[in-house]
Amino acid sequence: MRVWRYGDDINTDQLFPGKYTYTCATPEEIKPHLLEDLDPSFASEVREGDIIIAGKNFGCGSSREQPVVGLRAAGIRAIIAESFARIFYRAAINQGLILIECPGAVHAYREGDEILLDVERGELSVGGKRFTFPPLPEEILAIRRAGGLLPYTREKLREKRKSQE
Amino acid sequence: MNENIMKKKGMWYCCEYLPSLMETPSLHPTGASRINRQTTIMSAHVMHGAAVVHMGKTFAEKVLAKKAGVSEVVPGQIVTVKPDHLLTHDNTAAIIGKIGPELDEYGIVNPELPVIVIDHVVPAASEKTAANHKKIREFVKQFGITHFFDAGTGICHQVVFERGLALPGMVVLGSDSHTCSYGAVGAFASGIDRTEAAALMLTGETWLKVPESIKITLEGTVGPMVSAKDVILHIIGDIGADGANYCSVEFHGNLASLSIEERFTMANMGVEMGAKVAVFPVDDITRRFLDSRVDRTSYEAVWADEEALYRRELRYDLSGIEPEVACPHRVDNVKPVGEVAGIEIDQCFIGTCTNGRLSDLRVAAEILKGKTIAKHTRLIVLPASREVFHAALREGIIEILSRAGGMILPPGCGPCLGAHQGVLAPGERCLSTANRNFRGRMGCREAEIYLASPATVAASALTGVITDPREVGT
């Protein structure tokens, strides 16, 4: 597992350049351009299970969801940041990408530290230091449990139809 | 953060931010324009975690309570709402691509819900974007979408604004971050991602967290050649790119001097300080603007109570604000124009959803009338809509800007996001009236983007270097 470390206010143009927004939509199309204008090594070196640690306001800017779709498809286990921009945060919920807002863990991390993560219990260990983060509200956990917003919506539509029959 | 979660009366209250109770007052380095009062108040509802105390409500609390069909809501509460409109643009192609089988089976929830505007890559720049546009047109036809505007009508936010599709008290969500623009007319308007837009097409409802609010009180009036763009850049420079993260920003105070177009510019940039919504009260200026579009009975204005509680209150004296420039590569890297004057500019860009309206083009024409732009500089002019283009034609503005050396582009978003038109070369600098100057934003990682008002961009086009518009005679 590798930890990718970035700073404050990483915007979605850096995570996925706007010039590709209307030509790349599938995970396969998105992945080669991930973080292209921030860290050109990322797309070729990222591996399943890697973690991103960043500062405040991660994912600010455009509402494009390609960064979230791409990072999820690339196998990013979680993004731990001091804070997230709100549209990015919603997009992550909708795609089932795990975001953890935990400034203490971000500040504690030193290169080489082992990171252990238990999302269900809301626990995080960074280089042996333990942090907790609160669970999401029930309404939002239901979306994650369903595997993202679209599977959740499909379930709801099926239930609604059933109840009308 | 995220510590204060409690379940009460069957509802979740989750407070993502627990700011300190008092923040240190600060003066903005650019001068005394910031009045020395910066108080952070945590909503009493959440702070005590005890009985819900009835008190004044913010704009966001009132709109969301109404839309959720409950008597009151508190910050942090999750509510389910049915938005009045859902804005989508060229990304409609990707949105409907996600839900093909569901659309076949269940159809669209309501053909009057979406507002679809083809604007991001217009006219189509490639076979792929053309195919996307075609797919959108076919979808619109198949499902009888009421509010569809094809390429050439305008930039989506300008079109929504012009057509009276965002009204006071409405909840409008859109798969574009600058959906917050409609706060200019007192709507609760906010950006979402494509997947959420897809789900909304099917169900017509979604969850929203009731935001905390920030009250920004404006005092005085701006000086000559200083505009709303300078005001909002100044505020963003002051509070930072995440200064209003997750919050509803309410503008209060002396708003009579701000036209509806200027309010649009300010609300548009709300997201650049992280705001969920950025909103103005409905007054005579709003009503006069809406009168030519809709009947007054078709909307009900909502505004905050006097005694509403805010996470933070800020005051700005507009008379102290100078022409401002946001320097690469952050929107909050704001400096008064004097500090960056003289920097050479390769391309000047006047347009976008932030500053492509008639009043913006008018001020540029006043500066450039009978003159020619500097030899080493290019000027791109992009009216925000066909309506703006026609009005500018009638006033002779288009001819003035074209004769001055400007290239007139059809209304669209291409240059702003680097999709096509006006893409920069490595090492080039652009001075733009847009809302973002992120690295790579205009298509090239090695280029620099500076943001300013139309007056500053027009004045700089004349000289070829960043120029204080107050120093250029009109």
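For the structure itself, consult the block above.
These remarks concern the structure in this document. (Residues numbered from 1 in each chain as written. Chains lettered and ligands numbered in written order. Predicted model: local features only at pLDDT ≥ 70, side-chain atom pairs only at ≥ 80, totals over all residues. Heavy atoms only, no water.)

### A look at the overall build of chain B
Each helix and strand in chain B was counted, giving 17 helices and 20 strands. By the burial criterion, 64% of the 474 residues in chain B qualify as buried. Contacts in chain B between residues far apart in sequence, at least 24 positions, make up 76% of those at least 6 positions apart. (Helix = DSSP H or I, 4+ residues; strand = E, 2+ residues; numbered from the N terminus. Buried < 20%, exposed > 50% of the residue type's maximum accessible area, 1.4 Å probe, protein only. Contact = heavy atoms within 4.5 Å.)

### A short note on the side chain of Thr286(B)
Residue and element names in this part refer to chain B. Examined against the element boundaries, Thr 286 turns out to sit in helix H10 (residues 284–291). For Thr 286, a relative accessible area of 0% gives the class buried. Ignoring any residue separated from it by four or fewer positions in sequence, one finds Thr 286 in contact with Ala 184, Val 185, Ile 260, Arg 263 and Pro 281.

### As for the nonpolar core
Judged by nonpolar contacts, the single largest core of 78 residues is most densely connected at Phe42(A), Phe58(A), Ile79(A) and Phe139(B). The element that contributes the greatest number of residues to this core is helix H7 (residues 194–203) of chain B, accounting for six residues. Excluding residues within four positions of it along the chain, Phe139(B) makes contact with Thr92(B), Ile96(B), Leu103(B), Ile108(B), Ile116(B), Ile145(B) and Met201(B). Within the second largest apolar cluster, 77 residues are counted, among which are Val226(B), Ile236(B), Val334(B) and Leu409(B). (Core = buried A, V, L, I, M, F, W, Y, C linked by side-chain atoms within 4.5 Å.)

### Some words on the side chain of Asp50(A)
Residue and element names in this part refer to chain A. With respect to the helices and strands, the residue Asp 50 is situated in the loop between helix H3 (42–45) and strand S2 (51–54). Of the side chains bearing the opposite charge, Arg 2 lies closest to the buried Asp 50, which forms no salt bridge; the N-O distance is 5.7 Å. Among the polar contacts listed, one links the side chain of Asp 50 to the backbone nitrogen of Arg 2, at a separation of 3.0 Å. At 2.9 Å, the side chain of Asp 50 and the backbone nitrogen of Arg 47 are in polar contact. Residue contacts for Asp 50: discarding those within four places in its chain leaves Met 1, Arg 2, Trp 4, Glu 45, Gly 75, Ile 76, Arg 77 and Ala 78. (Lys, Arg positive; Asp, Glu negative; His and termini not counted. Salt bridge = Lys/Arg side-chain N within 4 Å of Asp/Glu carboxyl O. Polar contact = N/O pair within 3.5 Å; in protein donor to acceptor, adjacent residues only side chain to side chain.)

### Some points on empty space enclosed by the protein
All names here are of chain B. Inspection of every chain in the model, using the stated rule, returns six cavities of 30 Å³ or more. As a volume, the largest cavity reaches approximately 270 Å³. His 89, His 120, Asp 176, His 178 and Arg 441 are, among the 24 residues lining the largest cavity, the residues nearest its centre. Looking at the lining of the largest cavity, the elements with two or more residues in it are helix H12 (352–355) and helix H16 (414–417). (1 Å grid on protein atoms, 1.4 Å probe; cavity = no way out; pocket = protein on both sides within 12 Å on 5 of 7 lines; lining within 4 Å. Points joined across faces, edges and corners; volume = space filled by probe spheres on them.)

### Brief notes about the environment of Thr153(B)
All names here are of chain B. By secondary structure assignment, the location of Thr 153 is in the loop between strand S6 (147–149) and helix H6 (156–162). For Thr 153 and Glu 387, which are 234 residues apart along the polypeptide, the C-alpha to C-alpha distance reads 7.8 Å. Every residue in contact with Thr 153, bar those within four places of it in the chain, is listed here: Val 159, Arg 163, Ser 385, Arg 386 and Pro 411. Polar side-chain contacts of Thr 153 include one of 2.7 Å to the backbone oxygen of Asp 150.

### Overview of the sheet that holds strand S8 (residues 188–191) of chain B
Residue and element names in this part refer to chain B. The parallel open sheet is built from five strands, whose spatial order is S6-S5-S4-S7-S8. Each of the sheet's edge strands pairs with one partner strand only, and the pair in question is S6 and S8. Strand-to-strand twist across the sheet, computed as the mean angle between neighbouring axes with direction ignored, equals 15°. The pairing of strand S7 (residues 171–174) with S8 spans four bridges and is classified as parallel. In the strand pairing of S8, Leu 173 is matched with Ser 190. H7 rests against strand S4 (85–88), strand S5 (114–117) and S7 of the sheet, and its axis sits at about 135° to S4. (Pairing = 2+ DSSP bridges. Axes fitted to C-alpha atoms, helices over the stretch in contact; angles between N-to-C directions.)

### Re the interface of chain B and chain A
At the interface, 57 residues of chain B touch 51 residues of chain A. In total, about 4,700 Å² of surface goes out of reach between chain B and chain A, with carbon and sulfur atoms giving 53% of it. Our count for the contact surface shared by chain B and chain A stands at ten salt bridges. Viewed at the interface, chain A and chain B are joined by 27 residue pairs in polar contact (both at pLDDT 80 or more). Of all the secondary-structure elements, those providing two or more residues to the side of chain B that touches chain A are strand S2 (11–15), helix H4 (100–106), helix H5 (127–143), S8, H7 and strand S9 (206–209) of chain B. (Buried area = accessible area lost by both parts, 1.4 Å probe.)

### Section: the packing of helix H7 (residues 138–146) of chain A against helix H8 (residues 149–164) of chain A
All names here are of chain A. In the contact formed by H7 and H8, the axes pass within 7 Å of each other and the chain directions differ by 100°. Taken together, H7 and H8 sit at an angle that is classed as roughly perpendicular. Where H7 approaches H8, its residues Ala 142, Ile 143 and Ala 146 are matched on the opposing element by Leu 149, Pro 151, Tyr 152 and Glu 155. Along the lines of polarity and charge, the residues of the contact of H7 with H8 split into six nonpolar, no polar and one charged. (Parallel < 35°, antiparallel > 145°, perpendicular 65-115°, else oblique. Nonpolar A, V, L, I, M, F, W, Y, C, P; charged D, E, K, R; others polar.)

### Describing the packing of aromatic side chains
Aromatic ring pairs are defined here through the distance separating the ring centres and the angle between the ring planes. All names here are of chain A. Counted by the stated rule, this structure contains 13 aromatic pairs over all chains. Arranged with centres 4.7 Å apart and planes meeting at 65°, the rings of Trp 4 and Phe 42 form a pair that is edge-to-face. Remark: Phe 42 occurs in helix H3 and Trp 4 occurs in strand S1 (residues 3–5); sequence separation between them is 38 residues. The exposure class of Trp 4 is buried, given its relative accessible area of 3%. Their ring planes at 80° and their centres at 6.2 Å tell us that Phe 58 and Phe 84 sit as a pair that is edge-to-face. Of this pair, Phe 58 sits in the loop between S2 and helix H4 (66–73) while Phe 84 sits in the loop between strand S3 (78–81) and helix H5 (86–95), and the two are 26 residues apart along the sequence. Like Phe 58, the residue Phe 84 is buried in the burial classification. (Phe/Tyr/Trp six-rings, centres within 6.5 Å; stacked < 30°, edge-to-face > 60°.)

### Considerations on the sheet that holds S1(A)
All names here are of chain A. One open sheet accounts for four strands, arranged S1-S2-S3-S4; its pairing is parallel. In this open sheet, the two edge strands, each paired with only one partner strand, are S1 and strand S4 (99–101). In this sheet, adjacent strand axes meet at a mean angle of 20° when their direction is disregarded. Bridge count between S1 and S2: three bridges; the pairing is parallel. When the bridges of S2 are listed, Arg 5 appears paired with Ile 53.

### A few points about the pairing of strand S11 (residues 248–253) of chain B
Residues and elements named next belong to chain B. Counting buried positions over the six residues of S11 gives five, a clear majority of the element. Note: S11 against strand S12 (residues 277–279), three bridges, orientation parallel. Opposite Glu 250, over in S12, you have Val 279 as the bridge partner. The parallel pair S11 and S12, bridged by helix H9 (residues 260–268), forms a crossover whose chirality is right-handed. (Right-handed = clockwise from strand over helix to strand, strands pointing away.)

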